[in-house]
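This is what each chain is made of:
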Amino acid sequence: MAEPIIKARNLGIKFARTRRRKLSVRELVISRGKRRPQGEFWPLRGISFDIRPGEAVGVVGRNGTGKSTLLKLIAGVLIPDEGSVTVDGKVAPLLELRAGFNEELTGRENVYLLASLHGMKNSEIDKRFDEIVEFAEVKDFIDTPLRHYSSGMKVRLGFAVIAQLSHPVLLVDEVLAVGDKQFKKKCYATIEKMLADGRTLLLVSHNERDLERFCTRGLYIREGKMVVDGTLAEAMDAYNKDTDGPPAGKPGARKPGAKKPAAKKPAAAKGPAAKPAAEKPSGDGQAAAEQDEISSAGSAGKK
Amino acid sequence: MASRAVAVWQRREVLGLLIRRDLKVKYQQSILGYFWTLLEPFAFAMIYWFVFGVLFGGKRTAPPGGDYILFLVSGFLAWQWFNSNVAESTGALKKQAKLITTMKVPREVFPIGQAGAKIIEFLLSLPVLVIFFFVGHGHISKDIIWYPVGMAMQIVLLTGVTLLMSSLNIVLRDVERIVRIFLRAMFYLSPVIYPYHLVMTHAPEPMKIIYELNPMVGILQLYHSAFFPTEFPPTRLLIMSISGCLLILVFGWWLFKKLEPAVLKEL
């Protein structure tokens, strides 16, 4: 078998528990050690895997279990606190498609900026420019400053540029959820073409159909630990069993169910030491968001 | 640090792109954009000239070599550069958080790129100096060489400060505010509007030492001495200033490296 292109060994990263982790001078001076951030938690810990060139791997798990963090670690934009991850080759990140654009510059200037930031030569961009514009469907606005673009247009342009990169590893995080149907179709076709070229794909998604479409292998992450590393079906089964088991995802059961997952899962993400749970309003927001996620994932599973 | 410097050098095309982007955004309305770069130091120079030169009699304190206005401008342009670089350094990482969290490059390129754009802006403001060179009856001599020497030192200093401030501000959010006060104090504690020897003759002994710890003092004296030869810094001050610049560069880079994992989590 070929040498792995991505190697993760005992990978772990910790975050401070409180969202507001920044210190202010007042805290430093006045309350030394008194109101320390209540501990830390590990969104990911002890993760090891090998991914070989050409594999298409789907990463599944509930919100806040470290899937995106994993992708960022692989992309090299987060530094692990434990273990290591090495990638043999460049990475094309489809993580946040609008990243790197400047609102004041025109679409054309932004295409050149982003593409060259990711290592494309100017001559190469010249050659592919028309294709990029065509793909993004922004031909009439290409010389308009980006601040006049709709968010959909920016995302399309971002995808169109990154799709032109010839980097061997492709990291995709939920971006397929944006854009209209027609654009989604084009994205699918592009990703399929890339896979056919022998590129390696890591896909984070809650959409079972997307995962099944591209991925053969699945990683299921629960509470920061790798639970399943096998075929996609195995990972999805384990994931669905965990989320469907208790009646969590009944469509329309949003209100009464809202408290359930939070109560059901006082473990890792929320943590054992999270006594002042309702301390900050953001906690509620997050719980609600997670609930949304579950119901949509659940209903997607039932289709 | 050396290996990191090499890594940054290897990605210098990214550095160039970031600098070009910053300048492009700044000078987008090309003619007017550049006009403001000249107008701002020009206007401030006139204000300081009126207040400190005319009202407070600064004109009499000008060393031989030219008028007070030339003395003022020879230091003030560089001070403007220092001021705007330091004031904006706290946002160097925060401003482009999204890009930093999707792109794998040595993270130093972001603050260094911002400092680089400031160098170009400073160079673009130099016509103001040329104007006041003639207005202020300046003389050209081989001493002019000290001007670029001062610039070289300031580049080292500002690279260090930008690395330091950009990362520190992410984990310690008060930095931004402190910097503003600090800069205002620094302006009066550096020989921009008054000559250095006034401090040396009037200030009490311990204050002089604190005063000279500021690396900008030696640098500004180099700028002044390009036109006013008597202002050339004493060897002791020059050595202190050079070591100060290098020390801040090393410390800034070290701290940046140290805070990098935390900064990335926070962005």
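As the structure is a computational prediction, the values presented were derived from the model and not from experiment.

Chemist: Is there a simple way to explain the overall build of chain A in this structure?
Modeler: Within chain A, the regular secondary structure consists of eleven helices and nine strands. A total of 303 residues make up chain A; the buried ones form 36% of that total. In chain A, the share of contacts with a sequence separation of at least 24, taken over all contacts with a separation of at least 6, comes to 74%.

Chemist: What should I look at first to understand the overall build of chain B in this one?
Modeler: Regarding its fold elements, chain B presents twelve helices and zero strands. Listing each helix as α and each strand as β along chain B from the N terminus yields α-α-α-α-α-α-α-α-α-α-α-α. Against the 2.2 N^0.38 benchmark of 18 Å for 267 residues, chain B shows a C-alpha radius of gyration of 19 Å, consistent with a compact globule. The dimensions of chain B, computed from C-alpha atoms along their principal axes, are 55 × 45 × 35 Å. For chain B, buried positions account for 42% of its 267 residues.

Chemist: Looking at this model, I keep getting lost on the sheet that holds strand β8 (residues 217–222) of chain A. Mind explaining?
Modeler: Hydrogen bonding along the main chain pairs the strands of a sheet, whether they run parallel or antiparallel. All names here are of chain A. Taken in spatial order, the six strands of this open sheet run β5-β6-β7-β3-β8-β9, and their pairing is mixed. Of all strands in the sheet, those bounded by a partner on one side alone are β5 (91–94) and β9 (225–231). Each neighbouring strand pair of the sheet contributes to a mean axis angle of 15 degrees, computed without reference to strand direction. Relative to β8, strand β3 (residues 56–60) runs parallel, the two sharing four bridges. Paired with V57 across the bridge in β8 is R217. Of the strands in this sheet, β3, β8 and β9 are in contact with helix α8 (residues 232–244), which crosses β8 at around 30 degrees.

Chemist: I would appreciate a short explanation of the sheet that holds strand β1 (residues 6–16) of chain A in the present structure.
Modeler: All names here are of chain A. Across the sheet, three strands lie side by side as β2-β1-β4; this open sheet has antiparallel pairing. Pairing within the sheet leaves two strands with one partner each, and these edge strands are β2 (40–51) and β4 (82–87). On average, each strand axis in the sheet is inclined to that of its neighbour by 25 degrees, with strand direction left out of account. The sheet contact formed by β1 and β4 spans five bridges and is antiparallel. Note that in β4 the partner of K7 across the bridge is T86.

Chemist: Is there a simple way to think about the nonpolar core in this case?
Modeler: Among soluble globular proteins, nonpolar side chains are generally buried collectively. Of all hydrophobic cores here, the largest spans 133 residues; its most connected members are A:I74, A:L171 and B:V73. Of the residues forming this core, the biggest block, 13 residues, is contributed by helix α4 (residues 68–89) of chain B. Residue contacts for A:I74: discarding those within four places in its chain leaves A:I6, A:V85, A:V87, A:V91, A:L171 and A:L202.

Chemist: For this particular structure, what's the right way to read the interface of chain A and chain B?
Modeler: Size of an interface: often given as the accessible area lost when the parts come together. Between chain A and chain B, the residue contacts involve 24 residues of the former and 21 residues of the latter. At the level of elements, α2 (67–75), β5 and α3 (107–117) of chain A are the ones that each hand at least two residues to the side of chain A that touches chain B. It is α3(A) that contributes the most residues to the side of chain A that touches chain B, three residues altogether. Here the side of chain A that touches chain B is composed, by residue class, of 14 nonpolar, five polar and five charged.

Chemist: Whenever I open this one, the confidence of the model for chain B confuses me. Can you help?
Modeler: Low-pLDDT stretches of the model should not have their predicted coordinates read in fine detail. Looking at chain B as a whole, its pLDDT mean stands at 90, while 99% of the residues score no less than 70. In the predicted assembly, ipTM is 0.79 and pTM is 0.81.

Chemist: How do you make sense of helix α11 (residues 215–225) of chain B when you look at a structure like this?
Modeler: Each α-helix turn comprises 3.6 residues. Residues three or four places apart therefore point the same way. Residues and elements named next belong to chain B. The buried fraction of α11 amounts to eleven of the eleven residues, a majority that puts the element mostly inside the structure. Every buried residue belonging to α11 is among P215, M216, V217, G218, I219, L220, Q221, L222, Y223, H224 and S225, and all of these are buried. In this fold, the buried residues of α11 make contact with α4, α7 (146–171), α8 (175–188), α9 (196–202), α10 (205–213) and α12 (235–266).

Chemist: I keep staring at the pairing of β8(A) and nothing clicks. Help me out?
Modeler: Residues in a regular strand point their side chains to alternate faces of the sheet. All names here are of chain A. Counting buried residues along β8, six of its six residues qualify, which places the element largely inside the surrounding structure. Going residue by residue along β8, you find R217, L219 and I221 tucked away on one face and G218, Y220 and R222 tucked away on the opposite face as well. Of the pairings in the sheet, the one linking β8 to β9 comprises six bridges and is antiparallel in character. Opposite G218, over in β9, you have G230 as the bridge partner.

Chemist: I keep staring at α3(A) and nothing clicks. Help me out?
Modeler: Buried residues dominate α3(A), accounting for nine of its eleven residues. Among all positions in α3(A), only A:G107, A:E109, A:N110, A:V111, A:Y112, A:L113, A:L114, A:A115 and A:L117 are buried. Packing partners of the buried residues in α3(A) comprise α4 (122–136) and α5 (151–163) of chain A together with α2 (12–26) of chain B. Residue A:G119 follows α3(A) closely and has a positive phi angle near 95 degrees.

Chemist: For this particular structure, what's the right way to read the packing of α4(A) against α5(A)?
Modeler: Residue and element names in this part refer to chain A. Running from N to C, α4 and α5 point in directions that differ by 140 degrees, and their axes come no closer than 8 Å. Judged by the angle between their axes, α4 and α5 are oblique. As for how α4 packs across α5, the hand of that crossing is right-handed. Here α4 contributes I132, F135 and A136 to the contact with α5, which in turn contributes R156, L157, A160, V161 and A163.

Chemist: Whenever I open this one, the confidence of the model for chain A confuses me. Can you help?
Modeler: A residue-level look at chain A finds 71% of positions with pLDDT of 70 or above and a mean pLDDT of 75. Counting interchain partners and residues more than four positions distant, the pLDDT-below-50 stretch residues 247–303 of chain A has 58 contacts.

Chemist: For this particular structure, what's the right way to read the packing of α4(B) against α8(B)?
Modeler: To describe two helices that pack against each other, one gives the angle between their axes and the distance between the axes. Residue and element names in this part refer to chain B. Running from amino to carboxyl end, α4 crosses α8 at an angle of 165 degrees, the nearest separation of the two axes being 10 Å. Our classification of the angle between α4 and α8 gives roughly antiparallel. Helix-helix and strand crossings are classified by hand; for α4 and α8 the assignment is right-handed. Counting all contacts with α4, which are made through W79, N83, V86 and A87, the residues of α8 involved are V179, R180, L183 and F187. Counted by class, the contact of α4 with α8 contains six nonpolar, one polar and one charged residues.

The rules behind these values
- Residues numbered from 1 in each chain as written.
- Chains lettered and ligands numbered in written order.
- Predicted model: local features only at pLDDT ≥ 70, side-chain atom pairs only at ≥ 80, totals over all residues.
- Helix = DSSP H or I, 4+ residues; strand = E, 2+ residues; numbered from the N terminus.
- Buried ≥ 20, exposed ≤ 12 C-beta atoms within 10 Å, placed from the backbone.
- Contact = placed C-beta atoms within 7 Å.
- Rg over C-alpha atoms; globule rule 2.2 N^0.38 Å.
- Pairing = 2+ DSSP bridges.
- Axes fitted to C-alpha atoms, helices over the stretch in contact; angles between N-to-C directions.
- Core = buried A, V, L, I, M, F, W, Y, C linked by C-beta atoms within 7 Å.
- Nonpolar A, V, L, I, M, F, W, Y, C, P; charged D, E, K, R; others polar.
- pLDDT = per-residue confidence, 0-100.
- Parallel < 35°, antiparallel > 145°, perpendicular 65-115°, else oblique.
- Left-handed = near helix turned anticlockwise from the far one by under 90°.

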